[in-house]
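Geometric and topological summary
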Amino acid sequence: LFSALIVRTRHPVLEMATSGHPIVRQDSTTSAGQIDPQILGAAVVADSQNPCCEGVLLGRDHSIDCPRRFARDVAMVRDEEIAMALQAAEMHAQQAFYQRRQLQLQQRQVIHTEYYQLTDPVWGDILSQEPPSFVKRFMFGCCPCAVLGCRSKEAVRGWRRFLGSFSTLLGLMQVAALLFMILLHGMVSPEQNPMLGPHYHVLDAAGAKNAAKILLAGEWWRMFTAEFLHAGWIHLIGNLVVQLRTGCALEVLWGHWPWLAIYLSSGAYATLASCVFHPDRIGVGSSGALCGLIGAWLAFIVITWNQTLPADMSSRNTQAVSIAGSIVLILVSSFLPLMDMAAHAGGLVIGTSVSMVVFGNRLADEDSDYNEQDSACGLGEKSPVPTLATVGHESKVSPYLTNYSP
């Protein structure tokens with residue numbers, strides 16, 4: 001064993017010496033590229049065509065400037081990146097699986113959760129897991145915007161339906177007519193007009209019901225103008241409450257033009273019936289037209305009786321009984337002073353009759369559960385019939401439910 005000094009020349013040096021081997025320089029090779037065994041004294045052969053670094057020759061790691069070390073480091077980095085990418089993909093797959101599982105559990109929980117639904121065809125729906133209180137149901141029945149607010153999406157859509165309805169338009173015309181008469185001729189004392197309005201001569205000149213002028217003077221248009229006039233503010237407010245709440249809901253349910261046809265025909269026939277039974281009285285008001293809407297509502301329920309969704313059958317039955325009771329109450333109260341029994345009864349009769357004509361195509365057999373397409377309500381073909389049911393009842397959410405309590 002011996003040691004030798006490492007002599008660095010202009011050419012790379014192949015150092016293959018380990019413990020007990022001599023150190024060989026590149027210039028110690030023969031012309032054939034073989035290491036001279038006489039100089040080394042050992043059978044150590046190096047590949048002079050592909051030299052490496054001195055670190056490998058000394059039994060250590062590659063030198064810093066060795067190209068093989070750089071290639072190995074690059075390969076190690078790529079392996080680490082691939083391993084990290086695989087781990088990240090596996091983590092994303094696990095997260096996606098857990099998210100899908102969580103969504104499935106939530107959906108199952110929602111399906112088995114019982115909701116209480118307050119529904120109105122004009123103002124939309126309110127869902128809650130707790131039964132709504134009496135105050136909330138009362139406020140939603142009288143003024144839904146007080147519960148929904150005025151800036152929510154449901155409230156904005158409700159205001160658009162409300163302001164774009166014939167119910168609101170005719171109500172504004174009725175308010176303008178009474179206000180115009182009061183501004184021109186003033187109001188009389190409550191003794192002369194308990195309804196807080198103008199004198200009856202002013203009403204007659206404005207187009208009130210007058211049987212003599214309709215029959216002898218040919219002023220047939222009074223059958224229609226009388227339903228736009230009211231005796232006073234008390235009379236007007238009482239009719240507007242029903243027209244803007246119940247009337248607007250029925251208009252959204254039936255459609256604008258069927259509703260207008262029932263309203264105008266009921267009001268005109270109510271005026272005609274009042275002329276027959278009370279020819280010596282002057283009559284005004286839209287109560288006959290509103291009674292026609294109530295009668296048409298009951299006829300609509302009867303026509304679509306077998307087309308109600310199963311969840312709404314109990315509400316439908318309750319609604320039919322309440323409407324029938326309201327009709328009885330209207331007829332009984334018509335015998336009170338200042339009430340026109342003939343106009344109310346005439347409106348009920350003609351409203352029911354016109355409703356049978358308008359909605360007769362919806363009449364289905366006993367085994368049928370669906371009705372034909374309703375263009376006015378925007379329902380698709382063979383879709384369930386929407387009904388006005390009591391608000392706050394417990395039911396599954398359905399896009400076709402338009403439940404409502406007057």
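Source: prediction; values computed, not measured. (Residues numbered from 1 in each chain as written. Predicted model: local features only at pLDDT ≥ 70, side-chain atom pairs only at ≥ 80, totals over all residues. Heavy atoms only, no water.)

In terms of burial, strand 1 (residues 116-120) is a largely internal element, four of the five residues being buried. Sheet analysis places strand 1 next to strand 2 (residues 124-128), joined by five bridges and oriented antiparallel. Residue pairing across strands places Leu118 opposite Ile126, the latter belonging to strand 2. Taken together, strand 1 and the strand that follows it, strand 2, pair antiparallel across an intervening segment of three residues. (Buried < 20%, exposed > 50% of the residue type's maximum accessible area, 1.4 Å probe, protein only. Helix = DSSP H or I, 4+ residues; strand = E, 2+ residues; numbered from the N terminus. Pairing = 2+ DSSP bridges.)

Glancing now at the pattern of salt bridges. For the structure on display, the rule yields four salt bridges. For Arg245, the salt bridge is made with Asp120, and the minimal N-O distance between the two is 2.9 Å. Separated by 125 residues along the polypeptide, Arg245 in helix 11 (residues 233-254) and Asp120 in strand 1 bring together distant segments of the chain. On the accessibility criterion, Asp120 (2% relative accessible area) is buried. A salt bridge links Asp204 to Lys213; its shortest N-O distance comes to 3.1 Å. Asp204 gets classed as buried once you look at its relative accessible area, which sits at 13%. The exposure class of Lys213 is partly exposed, given its relative accessible area of 29%. Because the salt bridges share partners, they merge into one network encompassing Asp204, Lys213, Glu219 and Arg222. (Salt bridge = Lys/Arg side-chain N within 4 Å of Asp/Glu carboxyl O.)

Before going further, it helps to spend a moment on helix 6 (residues 153-163). Listed as buried for helix 6 are Ala155, Gly158 and Phe162. Considered in projection along helix 6, the buried side chains sweep an arc of 60° and stay on one side of the axis. For helix 6, the exposed residues set more than 90 degrees away from the buried face come down to Lys153 and Arg160. Those residues of helix 6 that are buried are in contact with helix 5 (144-148), helix 7 (166-185) and helix 11. (Arc of directions from axis to C-beta. Contact = heavy atoms within 4.5 Å.)

Another aspect to go through is the packing of aromatic side chains. The final tally for this structure, using the stated rule, is ten aromatic pairs. Considering the side-chain rings of Trp254 and Phe359, the 5.3 Å spacing of their centres and the 55° angle between planes classify their relative orientation as tilted. Taken together, the positions of Trp254 in helix 11 and Phe359 in the segment after helix 15 (341-358) put the pair 105 residues apart, joining distant regions of the chain. With a relative accessible area of 2%, Phe359 lands in the buried category. Aromatic rings pair up to connect Trp123, Trp159 and Phe162 into one cluster. Cation over ring: Arg316 sits above Trp305, and NZ or CZ is 3.8 Å from the ring centre. (Phe/Tyr/Trp six-rings, centres within 6.5 Å; stacked < 30°, edge-to-face > 60°. Lys NZ or Arg CZ within 6 Å of the ring centre and 35° of its normal.)

Moving on, we get to the packing of helix 7 against helix 12 (residues 256-277). As a packed pair, helix 7 and helix 12 sit with axes 10 Å apart at the nearest point and diverge in direction by 40°. Considering the angle they form, helix 7 stands oblique to helix 12. Where helix 7 approaches helix 12, its residues Phe166, Ser167, Leu170 and Gln174 are matched on the opposing element by His256, Trp257, Trp259, Leu260 and Tyr263. Among the residues making up the contact of helix 7 with helix 12, the classes are represented as six nonpolar, three polar and no charged. (Axes fitted to C-alpha atoms, helices over the stretch in contact; angles between N-to-C directions. Parallel < 35°, antiparallel > 145°, perpendicular 65-115°, else oblique. Nonpolar A, V, L, I, M, F, W, Y, C, P; charged D, E, K, R; others polar.)

Turning our attention to the environment of Phe140. In this structure, Phe140 sits in helix 4 (residues 134-142). On the basis of relative accessibility, which here comes to 0%, the residue Phe140 falls in the buried class. Sequence separation between Phe140 and Asp120 is 20 residues, and the spatial gap between their C-alpha atoms is 8.6 Å.

Once that is clear, we can look at the confidence of the model for the chain. Of the residues in the chain, 69% have a pLDDT of 70 or more, and the chain-wide mean is 76. Low pLDDT, under 50, characterises residues 366-387; the predicted model gives this stretch 46 contacts beyond four residues in sequence or across chains. Contacts from residues 389-406, a stretch scored under 50 in pLDDT, to residues over four places away or in other chains number 73 contacts. (pLDDT = per-residue confidence, 0-100.)

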